[in-house]
Number of protein chains: 4
Amino acid sequence: MVTGLTRDAAVEIIDFIYKAIELISDSEKEAFLNTLLEARKNGKRIFVTGAGRSGLVAKAFAMRLLHLGFNVYVVGETILPPIVKEDVLLAVSGSGRTKSVVAIAEAAKAIGARVVALTTFPDSPLGKIADILVRIPGRTKLAKEEDYYVRQVMGVHEPLAPLGTLFEATTMIFLDGVVVELMNKLGITEAELQERHANLE
Amino acid sequence: MVTGLTRDAAVEIIDFIYKAIELISDSEKEAFLNTLLEARKNGKRIFVTGAGRSGLVAKAFAMRLLHLGFNVYVVGETILPPIVKEDVLLAVSGSGRTKSVVAIAEAAKAIGARVVALTTFPDSPLGKIADILVRIPGRTKLAKEEDYYVRQVMGVHEPLAPLGTLFEATTMIFLDGVVVELMNKLGITEAELQERHANLE
Amino acid sequence: MVTGLTRDAAVEIIDFIYKAIELISDSEKEAFLNTLLEARKNGKRIFVTGAGRSGLVAKAFAMRLLHLGFNVYVVGETILPPIVKEDVLLAVSGSGRTKSVVAIAEAAKAIGARVVALTTFPDSPLGKIADILVRIPGRTKLAKEEDYYVRQVMGVHEPLAPLGTLFEATTMIFLDGVVVELMNKLGITEAELQERHANLE
Amino acid sequence: MVTGLTRDAAVEIIDFIYKAIELISDSEKEAFLNTLLEARKNGKRIFVTGAGRSGLVAKAFAMRLLHLGFNVYVVGETILPPIVKEDVLLAVSGSGRTKSVVAIAEAAKAIGARVVALTTFPDSPLGKIADILVRIPGRTKLAKEEDYYVRQVMGVHEPLAPLGTLFEATTMIFLDGVVVELMNKLGITEAELQERHANLE
């Protein structure tokens, strides 16, 4: 059995996600799912964007959307068609302030695409642009350095997990839950996902 | 509060990770950490590899290794120096059978690098190559289609989460725990991580 | 006017490409174009692969195939569907020996995809797998070190441009020529290419 | 011998590059080289950026800078440290107007990094930000559709090569020339480049 800070931090992250999932709004989740499902039904495309580790979480979800039969693209990769009116841009940013993500969301919005934001901050620049927003709990500020050691030694209430970890992990698990709900709504089986999985890797 | 299959699946994933973390071997974790710390101390480099969503989990960990002051590279990206004797290759593959990952591990091993594998299957081709192995619990086979609907409707015990999801999520949270233990062992604060975080994004 | 070794090397590369284009087989070029055009007509997909700078040349061509309305994907990127029978794998490797490229070509071939190779060496592992091969002139071996300085100082006949440069540059210009012939054969205008160009960048 | 529009267009591109190389300013080239060499000498880092095919050209140069022993990174890839004062940002954009590239150049400039621009338009937003600029000839506007067919049929003077092709190809060959001059100035042999070439691919 794993011990030490690895275990303490992993358990802390799991506990955080458990509580965070409870706090995500059901109506926001529904609006998000409906936006994806409508886009699929109408032959529209989903574009995903995010920087750093949030970008990796966005890509992990994009892979599953591909397996679910969505027309999906990642901003910044080689194969990127133009976004058009009524396509969907899914932007992932904990702070909602990452410049490149906000710039892409603004460009997509100007073209008439629907912007979906996954962010901790509804009042952020990204939050304000979004047509659909799902608030994902995360850290609200950079913990002060002194606090960090205090909580390591004394088990005080600030999280062990640094920087955006809690937001990224919560978003990943939430989106993996969304995948299961999409499977169910679309009547897609795991075997069908498998059939759309890359075989050159 | 989020409801429906999104919540059910997210909770199932969280429960799985909780149990899975318990099952990870402490001595395997220790060997993994020591390999990373020795490499850092001796000016060696860490290379990470993985395909698909496992590759994204590997990249998310690579970013944190960068923030921790490691010399770290991602196989397949533009800036990739040659691996040399006593560098570390960290390979992430649930099945341990992904061809490109196994081929890279073989090449690294032949050069004299130390191969660390994160996999569910110690007896897989990747598992057999590895110098250091951390067994991460995950699905052991593709669920049969009929089972899938049964469990959706009737709450039977097979997981909702499709394909490699449980392995990927468990590996991500485990590695985020490892990051905290590395911070502690190296005496690196969150503010220091922040100082090494990308500012062009 | 630019002077010095920058100019000398650039002119040498241009001269090389000029002669190399003359040496490319017209029937090989025709077979390559027909393979692409047939795939497009039959709703098949093009997958491209290559390592290092050859991989970048492959990606540059993939972007233009997208602009030309092809269904095109890059092996190793996030959005990668499975390759199926009669899809096309375009593999770029000067030596024809790059392990990951050969492994991908083998996997594609086993599935029944058509493998197109752009390589200097028809007898290489990649060359032998290929259904369609275009031989692109390039360096035939690593120049010896002493030769290198000799030719810098004395203008001897070995190329200034190091490693795979001549192959990569020739392949890029050849493929840009192919793009123009595809535009003509498909009756696609530059304005239509522009319409399919990414607008989120 | 290759014939048809593939050959015509390839020859046109080669002719263009030949003339374009003549038009690049020697003093701009010198300032560019000196900026790179100074950064290397002072332990500073080079960051490269560019969108689409210009981004691929930037990456191809970044690989060679790595082989030459530079500390080099690609904006947008996993391993990206923060840029600091006196680091170099090399931005490639034909139009000088690509939003993400301009945004990154602005961010780098604000931090005190030196911005080097390779662009056709010195008066563009990117051109105006740049500390060092190398003007690379390219298309000056999108050719009108009618002109396109005219020139295909009648050999009129507008280029066959669409969109940014001439800029991208010229920039690639120019940078490959710069690599040879850097090899010479640094006394680095081809064998030494080879030693720093990736071996996991």
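Residues numbered from 1 in each chain as written. Chains lettered and ligands numbered in written order. Predicted model: local features only at pLDDT ≥ 70, side-chain atom pairs only at ≥ 80, totals over all residues. Heavy atoms only, no water.

Q: Looking at this structure, I do not really get the interface of chain C and chain A. What am I missing?
A: Accessible area lost upon the coming together of the parts serves often as the stated size of an interface. The interface of chain C with chain A comprises 27 residues on the first partner and 27 residues on the second. Taken together, both faces of the contact between chain C and chain A bury some 2,100 Å²; the carbon and sulfur share is 70%. The largest per-residue losses of area from chain C upon contact with chain A belong to Thr78(C), Ile79(C) and Leu200(C), which jointly make up 35% of the total buried on that side. Seen at the junction of chain C and chain A, the total is 4 residue pairs in polar contact (both at pLDDT 80 or more). Residue assignment for the side of chain C that touches chain A shows that the elements contributing at least two residues are helix H3 (52–67), strand S2 (72–74) and helix H4 (99–111) of chain C. Looking at side-chain class alone, the side of chain C that touches chain A contains 20 nonpolar, 3 polar and 4 charged residues. (Contact = heavy atoms within 4.5 Å. Buried area = accessible area lost by both parts, 1.4 Å probe. Polar contact = N/O pair within 3.5 Å; in protein donor to acceptor, adjacent residues only side chain to side chain. Helix = DSSP H or I, 4+ residues; strand = E, 2+ residues; numbered from the N terminus. Nonpolar A, V, L, I, M, F, W, Y, C, P; charged D, E, K, R; others polar.)

Q: Help me understand the relation of the copies chain A and chain B in this model?
A: Expressed as a screw transformation, the operator carrying chain A onto chain B has a rotation angle of 180° and an axial translation of 0.0 Å, and the superposed copies differ by an RMSD of 0.0 Å. The transformation relating the two chain copies, once decomposed into turn and shift, fits a two-fold axis. Interface overlap between copies: 100% of the residues of chain A at the interface are likewise at the interface in chain B, consistent with a symmetric, same-surface contact. (Least-squares fit on C-alpha atoms with pLDDT ≥ 70 in both.)

Q: What is the right way to read the environment of Phe32(D) from this model?
A: Residue and element names in this part refer to chain D. Mapped onto the fold, Phe-32 is located in helix H2 (residues 26–41). Classification of Phe-32 as buried rests on a relative accessible area of 0%. In this structure, the C-alpha to C-alpha distance between Phe-32 and Pro-159, residues 127 residues apart in sequence, is 29 Å. (Buried < 20%, exposed > 50% of the residue type's maximum accessible area, 1.4 Å probe, protein only.)

Q: Is there a simple way to explain the packing of aromatic side chains in this structure?
A: To describe a pair of aromatic rings, you give the distance between the ring centres and the angle between the ring planes. Residues and elements named next belong to chain A. For the structure shown, the criterion picks out 12 aromatic pairs over all chains. Between Phe-32 and Phe-61 the ring centres are 6.1 Å apart and the planes differ by 45°, which places this aromatic pair in the tilted class. With Phe-32 in helix H2 (residues 26–41) and Phe-61 in helix H3 (residues 52–67), this residue pair connects regions lying 29 residues apart in the sequence. What links up through ring pairs into an aromatic cluster is the set Phe-32, Phe-61 and Phe-174. Against the face of Phe-70 rests Arg-40, its NZ or CZ located 5.4 Å from the ring centre. (Phe/Tyr/Trp six-rings, centres within 6.5 Å; stacked < 30°, edge-to-face > 60°. Lys NZ or Arg CZ within 6 Å of the ring centre and 35° of its normal.)

Q: When you look at the relation of the copies chain C and chain A in this model, what are you seeing that I'm missing?
A: The two chain copies are connected by a rotation around an axis plus a translation along it. With an axial shift of 0.0 Å and an RMSD of 0.0 Å, the rotation relating chain C to chain A amounts to 180°. Here 100% of the contact residues of chain C are again contact residues in chain A; the copies associate through an equivalent surface.

Q: Honestly, the arrangement of the chains in this entry has me stumped. Any pointers?
A: Across all C-alpha pairs, the smallest distance from chain B to chain C is 7 Å, and the two are not in contact. Without any contact between them, chain A and chain D keep their closest C-alpha atoms 7 Å apart.

Q: For this particular structure, what's the right way to read the pairing of strand S4 (residues 114–119) of chain D?
A: A regular strand places its side chains so that they alternate between the two faces of the sheet. Residues and elements named next belong to chain D. Burial runs high along S4: 5 of the 6 residues are buried. Across 5 bridges, strand S3 (residues 88–92) lies against S4 in parallel orientation. Residue pairing across strands places Leu-90 opposite Val-116, the latter belonging to S4. Relative to strand S5 (residues 132–135), S4 is paired through 4 bridges, and the arrangement is parallel. For Ala-117, the partnering residue across the bridge sits in S5 and is Leu-133. (Pairing = 2+ DSSP bridges.)

Q: I keep staring at the interface of chain A and chain B and nothing clicks. Help me out?
A: Facing the 71 residues of chain A at the interface are 71 residues of chain B. Counting each side, the surface lost to burial between chain A and chain B is near 6,000 Å², with a carbon and sulfur contribution of 65%. Contact with chain B buries area across many residues of chain A, yet Arg53(A), Glu190(A) and Glu201(A) alone supply 12% of it, more than any other trio. There are 8 salt bridges connecting chain A and chain B. Our count for the chain A to chain B interface comes out at 22 residue pairs in polar contact (both at pLDDT 80 or more). For the side of chain A that touches chain B, the secondary-structure elements that each account for two or more residues are helix H1 (4–23), H2, H3, helix H4 (99–111), helix H6 (145–154), helix H7 (165–186) and helix H8 (190–195) of chain A. Here the side of chain A that touches chain B takes 14 residues from H7(A), the largest share from any one element. Of the residues contributing to the side of chain A that touches chain B, the split by class is 38 nonpolar, 17 polar and 16 charged. (Salt bridge = Lys/Arg side-chain N within 4 Å of Asp/Glu carboxyl O.)

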